[in-house]
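Summary of the model geometry
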Amino acid sequence: MTAVAKMPNRKHRQRWELRKAAAEKRGKPAPLYEPKPVSAATRSQHLSFMRGLMKIAADEWKWLRKSPVIKVRKPISKRVRWLTKEEATTLLRCMPEQFLPVVVFALATGLRRSNIIDLEWSQVDMQRKVAWIHPENAKAGKAIGVALNDTACKTLRDQIGKHSRFVFVHTTARKRPGGGVTPAVRKMRVDDNSAWNTGKRRAGITDFRFHDLRHTWASWLVQAGVPLSALQEMGGWESIEMVQRYAHLSPSHLTEHARKIDEVLASNVTNLALLENVVVGEQR
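Residues numbered from 1 in each chain as written. Predicted model: local features only at pLDDT ≥ 70, side-chain atom pairs only at ≥ 80, totals over all residues. Heavy atoms only, no water.

A look at the nonpolar core
Just so we agree on the cut-off: For our purposes a nonpolar core is just a set of buried Ala, Val, Leu, Ile, Met, Phe, Trp, Tyr and Cys residues, chained together by side-chain atoms within 4.5 Å. For every residue, the accessible area obtained with a 1.4 Å probe (protein chains only) is divided by the maximum for its type, and the residue is called buried under 20%, exposed over 50%, and partly exposed between those limits. Only DSSP runs of H or I covering at least 4 residues are called helices, and only runs of E covering at least 2 are called strands; the numbering of each starts at the N terminus. Throughout, a residue-residue contact means that at least one pair of heavy atoms, one from each residue, lies within 4.5 Å.
Ranked by internal contacts, the top residues of the largest apolar core, which has 36 residues, are Phe105, Leu148, Phe168, Trp196 and Leu213. Those elements giving two or more residues to this core turn out to be helix H4 (85-94), helix H5 (100-109), helix H6 (113-117), strand S2 (130-133), strand S3 (144-147), helix H7 (150-159) and helix H8 (194-203). When residues in this core are grouped by element, the largest group, 6 residues, is from H5. The residues contacting phenylalanine 168, other than those within four sequence positions of it, are Pro101, Val102, Phe105, Ile116, Ile117, Leu119, Thr155, Leu156, Gln159 and Met188. Listed in part, the 12 residues of the second largest apolar core include Ala218, Val243, Ala247 and Leu249.

Printed below as a string of structure tokens:
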């Protein structure tokens, strides 16, 4: 428990090492490293894994006489951040041209950033209007079939001819931090946020991550009446519980069920009115 509580954020360390290397190439002092703890969700995942492992060691492998009690606090779900149609329009208008197709494709398909950046033409069938994410590249470990709407298809058609393998690539050379110039046509980096941050800053949108484009896609679909079961399959979520976060955005699918009480109340109200008339008549 203590060891998990003190776990350092390795991703934060990796980002700092990249900034340090870039600073050294430019002959500038390296930024000061400040350790950052892992999130509550990461701690919860590690404790859940340890608890399961201990249970197997005790019940199946008989390595332990009794599985230790490991309490796991489920992290409180944070609010879902999504864009309104007006905010999305502003963001697209302000996004740098090179990165705009990636953002449009994210809003059209709900795919995660890595799945979009690493998407290859071998994973796309324009005639059938489908794409697919291989199990090893999907978060849930299961293949995801992506139904391509008109917006997604148009975005893909605009990318044809830019690269023989990857769908989304840079087509303009860029100066390297340590000197020199990059190739004009090159694969996009998943961890490069420069264009994304520039677009957000121009649009005046704050507290918004690239992954929130996926929340935006899901929120728009739910508000348009798409059932949660269909949304789960479209987004490749492992369980329906992960889709329940969007249920409050469109409670209209429960309206028909809610109307069942109207029939009961209508008859009761009618009977109550008749009873009141009888009582009033007797009093007279």
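Description of the environment of lysine 200
Position of lysine 200 among the secondary structure elements: in helix H8. The exposure class of lysine 200 is buried, given its relative accessible area of 15%. Linking lysine 200 and leucine 91, residues 109 residues apart in sequence, is a C-alpha distance of 6.5 Å. Excluding its chain neighbours within four sequence positions, the residues that come into contact with lysine 200 are Leu91, Met95, Ile205 and Phe208.

Considerations on the packing of helix H9 (residues 212-223) against helix H10 (residues 228-235)
For clarity, the cut-off: Where helices are involved, their axes are fitted lines through C-alpha atoms of the stretch in contact, as for all axes, and angles between N-to-C directions lie from 0 to 180°. Should an angle lie under 35 degrees it is considered roughly parallel, over 145 roughly antiparallel, and from 65 to 115 roughly perpendicular; all remaining angles are considered oblique. Crossings are classed by handedness, with left-handed meaning an anticlockwise turn of the near helix from the far one by less than a right angle and right-handed meaning a clockwise turn.
With their axes 10 Å apart at the nearest point, H9 and H10 run at an angle of 150° to one another. The angle between the axes of H9 and H10 places the two elements in the roughly antiparallel class. The crossing of H9 and H10 is right-handed. Mapping the contact onto sequence places Arg214, Trp217, Ala218, Leu221 and Val222 in H9 and Leu228, Leu231, Met234 and Gly235 in H10.

Some thoughts on H4
Short version of the rule: Within this analysis, the arc is defined by the directions that extend from the helix axis to the C-beta atoms.
Within H4, burial applies to Ala88, Leu91 and Cys94. The buried residues of H4 occupy an angular sector of 135° when projected down its axis, which confines them to one face. Relative to its buried face, H4 has exposed residues pointing more than 90 degrees away, namely Glu86 and Arg93. Against the buried residues of H4 lie H8 and H9.

A few points about the pattern of salt bridges
Under the convention used in this document: Every case where a carboxyl oxygen of Asp or Glu lies within 4 Å of a side-chain nitrogen of Lys or Arg is listed as a salt bridge.
Scanning the model with the defined rule gives 10 salt bridges in all. Between aspartate 158 and lysine 154 there is a salt bridge; the shortest N-O distance is 3.2 Å. Taken together, the positions of aspartate 158 and lysine 154, both in helix H7 and 4 residues apart, correspond to about one turn of that helix. The shortest N-O distance in the salt bridge between aspartate 191 and arginine 189 comes to 3.0 Å. Classification of aspartate 191 as partly exposed rests on a relative accessible area of 45%.

Remarks on the pairing of S2
The criterion, for reference: Paired strands, as defined in this entry, are two strands with at least two bridges between them according to DSSP.
Of the two faces of S2, the one holding Ala131 and Ile133 is buried and the one holding Val130 and Trp132 is not buried anywhere. Alignment of strand S1 (residues 124-125) against S2, held across 2 bridges, turns out to be antiparallel. Looking at the pairing, valine 124 lines up with alanine 131 of S2. Connecting S1 to the next strand, S2, in antiparallel fashion are 4 residues, including lysine 129 with a positive phi near 60°. Summarising the sheet, S2 and S3 pair through 4 bridges and their orientation is antiparallel. Residue pairing in the sheet places isoleucine 133 in a bridge with isoleucine 144 of S3.

Re H5
Counting buried positions over the 10 residues of H5 gives 9, a clear majority of the element. Among the residues of H5, Pro101, Val102, Val103, Val104, Phe105, Ala106, Leu107, Ala108 and Thr109 are the ones counted as buried. Its buried side turned inward, H5 meets H4, H6, S3, H7, H8 and H9. Two residues or fewer after H5 comes glycine 110, characterised by a positive phi angle close to 75°.

With respect to a nonpolar patch on the surface
To be explicit about the condition: Two distance rules govern patches: like charges are joined within 9 Å, and nonpolar side chains (Val, Leu, Ile, Met, Phe, Trp, Tyr) within 5 Å, applied only to residues with over 30% relative accessible area and no salt bridge. What sets the accessible areas is the Shrake-Rupley method with a 1.4 Å probe; for residues, cover comes only from the shown protein chains.
Nonpolar side chains collect at one region of the surface, where Phe49, Leu53, Ile56, Trp61, Trp63 and Leu64 lie side by side and expose about 640 Å² of accessible area between them. Along the chain, isoleucine 56 turns up in helix H3 (residues 40-59).

Focus on the sheet that holds S2
Here we have 3 strands laid out as an open sheet, ordered S1-S2-S3, and antiparallel in their pairing. Either end of the sheet is taken by a strand with one partner, and the two such strands are S1 and S3.

Considerations on the packing of aromatic side chains
For clarity, the threshold we go by: The aromatic pairing rule takes the rings of Phe, Tyr and Trp, using the six-membered ring of Trp, and pairs them if the centres are within 6.5 Å, calling planes under 30 degrees apart stacked, those over 60 edge-to-face and the rest tilted. Charge-over-ring placement is defined geometrically: NZ (Lys) or CZ (Arg) within 6 Å of the ring centre, and within 35 degrees of the ring normal.
Evaluation of the coordinates by the stated rule reveals 8 aromatic pairs. Ring centres 4.8 Å apart and planes at 45° place the aromatic pair tryptophan 61 and tryptophan 63 in the tilted group. Given the relative accessible area of 65%, tryptophan 63 is considered exposed. Taken together, the ring pairs in this structure connect Phe99, Trp196, Phe208 and Phe210 into an aromatic cluster. For the cation-ring pair, lysine 85 lies above tryptophan 220, with the distance from its terminal atom to the ring centre recorded as 5.2 Å. The aromatic ring of phenylalanine 166 is capped on one face by lysine 187, whose charged end is 5.2 Å from the ring centroid.

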